[in-house]
Amino acid sequence: MPEVIFTGPAGRLEGRYHPAKQKNAPIAMVLHPHPQFRGSMNHPIVYQVYYAFVARGFSVLRFNFRGVGRSQGSFDHGTGELSDAASALDWAQTINPEARACWVAGFSFGAWIGMQLLMRRPEVEGFISIAPEPNRYDFSFLAPCPSSGLIVHGEKDIVAPAKDVNTLVEKLKTQKGIIIDQQTIPGANHFFEDKMEPLMETVTSYLDMRLANVR
C-alpha cells in the first residue's frame, strides 16, 4: 500500500494507492467523511471499502482532502474538495491509461463529493454512496444521475434520517437507464458502530453482483 503524493488545486495531496496486478484493471477511488469532523482517508469505513476494491482486482486510491493530514490547503465547504477529487481521479487515470472502468465510493461528506464527481466524469460507471446526507447537502445536481450504484444507510441514522435518504432514492429511481440499489442496515447509526460487518457484507455483495455482470 504505497504512500503517494500528487498535485491538487491547492497544493500537494497525500494518498494511499494500491496498484492492481492486471494492466487494464478498473480504477476505484474512496472518499472520506467531513474534514472538520475528524474525517480522513484512514477512517475505518474508508479503509474497509478500499480493501474491498483491492480484493476484487481494482487499482484503488484513497486520499486526504485539502487541509487533512499532510494534504495542503484548507477546508473549502465542498467546492475545493470536489476539485481535489477530480485531480485525484486524473492522477489515477494517468498511471492507469488502459483502465477499462472507474468506480467512486464515499462515506457521508465523501458520498456527496463522489456523487458530484460522477456527474462530471462520464467514465464513472458505478458508485457506492454510504450514509449520504440529503438533509444537509444539496443533491439536486443528480438530474439525471448518470450511473447505477448502491446507496446504503443506517436504519437509526439521526445525522441523515432515513426519510430524507428515501426521498432522494425515490427521485433517482424514476430515471430510466440506471438502477439504484438501496439498502438499509438494521439498527445502524450514521457511523455504523457495531454494524461494520453487515455494512461491508452489503457493499461487497453489491460489488460482486455488478462485477459478475461485467465478466
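How each quantity is defined
Residues numbered from 1 in each chain as written. Predicted model: local features only at pLDDT ≥ 70, side-chain atom pairs only at ≥ 80, totals over all residues. Heavy atoms only, no water. Phe/Tyr/Trp six-rings, centres within 6.5 Å; stacked < 30°, edge-to-face > 60°. Helix = DSSP H or I, 4+ residues; strand = E, 2+ residues; numbered from the N terminus. Buried < 20%, exposed > 50% of the residue type's maximum accessible area, 1.4 Å probe, protein only. Lys NZ or Arg CZ within 6 Å of the ring centre and 35° of its normal. Core = buried A, V, L, I, M, F, W, Y, C linked by side-chain atoms within 4.5 Å. Contact = heavy atoms within 4.5 Å. Axes fitted to C-alpha atoms, helices over the stretch in contact; angles between N-to-C directions. Parallel < 35°, antiparallel > 145°, perpendicular 65-115°, else oblique. Left-handed = near helix turned anticlockwise from the far one by under 90°. Nonpolar A, V, L, I, M, F, W, Y, C, P; charged D, E, K, R; others polar. Salt bridge = Lys/Arg side-chain N within 4 Å of Asp/Glu carboxyl O. Pairing = 2+ DSSP bridges.

## A look at the packing of aromatic side chains
Piece 1. Counted under the stated rule, the structure contains 16 aromatic pairs.
Piece 2. An angle of 70° between the planes, with centres 6.0 Å apart, marks the rings of Phe-6 and Phe-63 as edge-to-face. In this pair, Phe-6 sits in strand S1 (residues 3-8) while Phe-63 sits in strand S4 (residues 59-63), placing the two residues 57 residues apart along the sequence.
Piece 3. Given a relative accessible area of 4%, Phe-6 falls into the buried group.
Piece 4. Assessed through its relative accessible area of 1%, Phe-63 is described here as buried.
Piece 5. Arranged with centres 5.3 Å apart and planes meeting at 85°, the rings of Phe-63 and Phe-65 form a pair that is edge-to-face.
Piece 6. The cationic tip of Arg-62 hangs over the ring face of Tyr-50; the distance from NZ or CZ to the ring centre is 4.6 Å.

## Quick word on the nonpolar core
The nonpolar side chains of a soluble globular protein tend to be buried with one another.
Piece 1. Ranked by size, the top nonpolar core spans 38 residues in total, and within it Met-29, Leu-61 and Phe-63 carry the most contacts.
Piece 2. Excluding anything up to four places from it in sequence, Leu-61 contacts Val-4, Phe-6, Arg-16, Tyr-17, Ala-28, Met-29, Val-30, Tyr-50, Ala-88, Trp-91 and Ala-92.
Piece 3. Tyr-50, Ala-52, Ala-131 and Tyr-206 belong to the second-largest nonpolar core, a separate cluster that totals 28 residues.

## A look at the packing of helix H2 (residues 79-94) against helix H3 (residues 109-120)
Piece 1. Running from N to C, H2 and H3 cross one another at 60°; their axes reach a closest spacing of 9 Å. Between H2 and H3, the angle is such that the two are oblique. Here the hand of the crossing between H2 and H3 comes out right-handed. For the pair formed by H2 and H3, the contact residues are Glu-81, Leu-82, Ala-85, Ala-86 and Leu-89 on the first element and Phe-109, Ile-113, Gln-116, Leu-117 and Arg-120 on the second.
Piece 2. Tallied by class, the residues present in the contact of H2 with H3 amount to 7 nonpolar, 1 polar and 2 charged.

## Overview of the pattern of salt bridges
Piece 1. Overall, the coordinates contain 11 salt bridges when judged by the stated rule.
Piece 2. Among the ionic pairs, Arg-16 bridges to Glu-3, the shortest N-O distance being 3.8 Å. On the criterion of sequence distance, the pair formed by Arg-16 in strand S2 (residues 11-18) and Glu-3 in strand S1 is long-range, its members being 13 residues apart.
Piece 3. You can call Arg-16 buried: its relative accessible area is 15%.
Piece 4. In this structure, the salt-bridge partner of Lys-163 is Asp-164, at a minimum N-O distance of 3.6 Å.
Piece 5. Residue classification places Lys-163 among the exposed residues on the basis of a relative accessible area of 58%.
Piece 6. Bridged by salt links that share partners, the residues Glu-3, Glu-14, Arg-16 and Arg-70 form one connected network.

## Comments concerning the sheet that holds strand S3 (residues 27-31)
Through backbone hydrogen bonds, the strands of a sheet pair up, either in parallel or in antiparallel fashion.
Piece 1. As summarised here, the arrangement of the 8 strands in space is S1-S2-S4-S3-S5-S6-S7-S8, forming an open sheet in which the pairing is mixed. Since the sheet does not close on itself, it has two edges, and those belong to S1 and strand S8 (180-185), each with one partner. Averaged over all adjacent pairs, the angle separating strand axes in this sheet is 20°, with direction ignored.
Piece 2. Relative to strand S6 (residues 124-130), strand S5 (residues 102-107) runs parallel, the two being bridged by 6 bridges. Opposite Gly-106, over in S6, you have Ser-129 as the bridge partner.
Piece 3. Along the sheet face, helix H1 (residues 44-55) touches S2, S3, S4, S5 and S6 and points at about 165° away from the line of S4.

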